[in-house]
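Read off the chains here:
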Amino acid sequence: MMPDALNIQDIVEVTYEKFSHVHDGEVATYIPELGKVDPNDFAICVAAVDGQVFSAGDWNKEFTIQSVCKPFAYQMALEELGRDRTLLHVGVEPSGEAFNSIELDPLTKRPFNPMVNAGAIAVASLIKKDSKVAGARAFVERMQLAAGRNLKIDASVLASESSSGNRNRAIAYLMLNFGIIDEDVSHTLHQYFSQCSLLVNCRDLALMAATLANMGTNPVTREPVFDFQYIKDVLAVMFTCGLYDHAGEWAYRVGLPAKSGVGGGLLAVVNRQLGIAVYSPRLDAKGNSVRGILVCKELANRLGLHAFEFTNVGSSFVQAMM
Ligand code: DON
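Conventions we followed
Throughout this document, residue positions are counted from 1 along each chain, in the order its sequence is written. Confidence filtering applies because this is a predicted model: local features only for residues at pLDDT of at least 70, side-chain atom pairs given and counted only at 80 or more, and all residues used for totals across whole chains, interfaces and linings. Excluded from the side-chain calculations are hydrogens and water; all other atoms, namely the structure's heavy atoms, are used. Working definition: helices are DSSP H or I runs of at least four residues, strands are E runs of at least two. Numbering for both runs from the N terminus. Note on method: radius of gyration uses C-alpha positions; expected globular size equals 2.2 Å times residues raised to 0.38. Working rule for contacts: check all heavy atoms of both residues, and any pair within 4.5 Å makes them a contact. Accessibility throughout is a Shrake-Rupley quantity obtained with a 1.4 Å probe, and a residue counts as covered only by protein chains that appear here. Counted as positive: Lys and Arg. Counted as negative: Asp and Glu. His and the chain ends are not counted at all. Think of each charge as sitting on NZ of Lys, CZ of Arg, CG of Asp or CD of Glu. A molecule or strand has a residue near it when one of that residue's heavy atoms lies within 4 Å. For this analysis, a polar contact is any N or O atom pair within 3.5 Å, provided that within protein one partner can donate a hydrogen and the other can accept it, and provided that sequence-adjacent residues contribute only side-chain to side-chain pairs. Classification used: nonpolar for Ala, Val, Leu, Ile, Met, Phe, Trp, Tyr, Cys and Pro, charged for Asp, Glu, Lys and Arg, polar for all others including Gly. By this rule the span expected of a helix is its residue count minus one, scaled by 1.5 Å. Summary of the burial criterion: residues with accessible area below 20% of their type's maximum are buried, those above 50% are exposed, and those between are partly exposed, where the area comes from a 1.4 Å probe applied to protein chains only.

A. Summary view of the overall build of the protein. Along its length, the protein carries twelve helices and seven strands. For a compact globule of 322 residues, the expected C-alpha radius of gyration is about 20 Å, and the protein comes in at 18 Å, within 12% of that figure. With respect to the three principal axes, the spread of C-alpha positions in the protein is 55 × 40 × 35 Å. Counted over contacts in the protein with a minimum sequence separation of 6, partners at least 24 positions apart contribute 70%. With an accessible surface of roughly 12700 Å², the protein has 52% of that area assigned to carbon and sulfur atoms. Across the protein, the mean location of the 28 positive side-chain charges is 2 Å away from that of the 35 negative side-chain charges.

In structure tokens form, the structure reads like this:
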């Protein structure tokens with residue numbers, strides 16, 4: 001059975017209303033600059049691979065991408081180094097630990113996966129360029145293609161990340177000790193902090209997710225952005241590790257590759273169909289957006305998007321809308 005009405009705009013609006021009065025959770029303050037956002041901000045955006053975009057709420061309000069940068073940086077590392085060389089520096093195993101856990105694989109000394117901070121810092125080390133500016137610019141340029149508009153880094157958040165980032169510094173030096181990253185630690189951390197400080201809005205995240213869903217091509221601009229052969233690697237790691245120590249529950253309840261960030265952004269990918277994004281900066285104890293999780297659960301249930309949904313409505317979703 002198809003959902004009662006395949007009017008996505010209505011479903012997005014009804015879902016927005018349903019959760020607009022949820023005020024559970026706290027805005028992240030461990031990076032002081034993040035504490036300045038309006039905790040009540042809320043937006044939902046769904047982008048289809050045929051180029052249609054459906055939004056509700058503050059869809060054009062900007063916030064920093066934070067950890068939602070990680071799958072895209074991983075994609076860039078795979079494209080630049082290939083699978084085997086990337087795997088020498090970062091694994092693909094869920095850690096079941098918090099995003100900022102100071103822990104490496106006891107055997108290989110690699111970070112568990114590219115979605116936790118350790119793995120993302122290892123990836124940043126792999127994709128950094130000769131100069132700090134060039135490395136950050138290469139990342140921003142790629143994300144601009146995925147969003148379909150010009151983006152910039154929030155200099156205040158970058159400074160705040162850097163001055164409060166001693167835990168990430170500790171993780172980086174631990175990895176230097178084990179030869180996972182090279183000795184240019186300050187350069188690597190600048191790359192990582194810059195990626196996290198990219199300013200995006202909810203529509204940008206939906207289009208980035210839809211670009212992954214659409215085999216690497218931005219569905220609105222029709223520009224090729226990502227090399228298709230590595231997208232399955234990225235989606236697999238998002239599916240198993242994207243929500244850290246909530247990843248199992250997420251796979252069970254929502255069943256979509258996804259990534260969250262402490263800025264309040266969360267994106268999910270319905271392969272070959274949709275990109276879904278939510279922005280709501282109040283986080284749960286694991287650093288995931290409270291309303292982001294609620295909205296994705298609701299949309300997955302209503303639209304039959306779970307990867308293993310028996311009725312499998314999600315797999316023919318875009319055709320059904322046309
Ligand atoms: O490394 C950090 O602390 C941040 N810049 C990014 C962390 C993050 O978004 C974790 N996600 N929920």
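Back to the text.
B. Summary view of the site of the ligand. If you check the shell around the ligand, you find 15 residues, and the closest are Tyr-30, Gln-66, Ser-67, Glu-161 and Tyr-192. Here an oxygen atom of the ligand sits 2.5 Å away from a polar atom, N or O, in the side chain of Tyr-30. Gln-66 is positioned such that a nitrogen or oxygen atom in its side chain is 2.7 Å from a nitrogen atom of the ligand. Contact with the protein chains covers 99% of the free accessible surface of the ligand, which is 340 Å². Residue classes in the shell around the ligand are distributed as seven nonpolar, seven polar and one charged.

C. View of helix H11 (residues 290–303). Compared with the 20 Å implied by 1.5 Å per residue over 14 residues, the 20 Å span of H11 between its first and last C-alpha is a close match. Turning to H11, its buried residues number three or more, namely Val-290, Arg-291, Gly-292, Ile-293, Val-295, Cys-296, Glu-298, Leu-299, Ala-300 and Leu-303. Among the residues of H11, the N-terminal cap falls to Ser-289, whose side-chain oxygen and the backbone nitrogen of Gly-292 are separated by 2.9 Å. Gly-304 lies just past H11 and shows a positive phi near 65°.

D. Focus on the environment of Asn-218. Examined against the element boundaries, Asn-218 turns out to sit in the loop between helix H8 (202–213) and helix H9 (228–241). The class of Asn-218 is buried, set by a relative accessible area of 0%. Remark: the alpha-carbon pair of Asn-218 and Tyr-244, spanning 26 residues in sequence, is separated by 27 Å. Every residue in contact with Asn-218, bar those within four places of it in the chain, is listed here: Leu-145, Ala-146, Ala-147, Gly-148, Thr-211, Glu-223 and Val-225.

It is worth stressing that arrangement in space is one thing and function is another; only the former is reported here.
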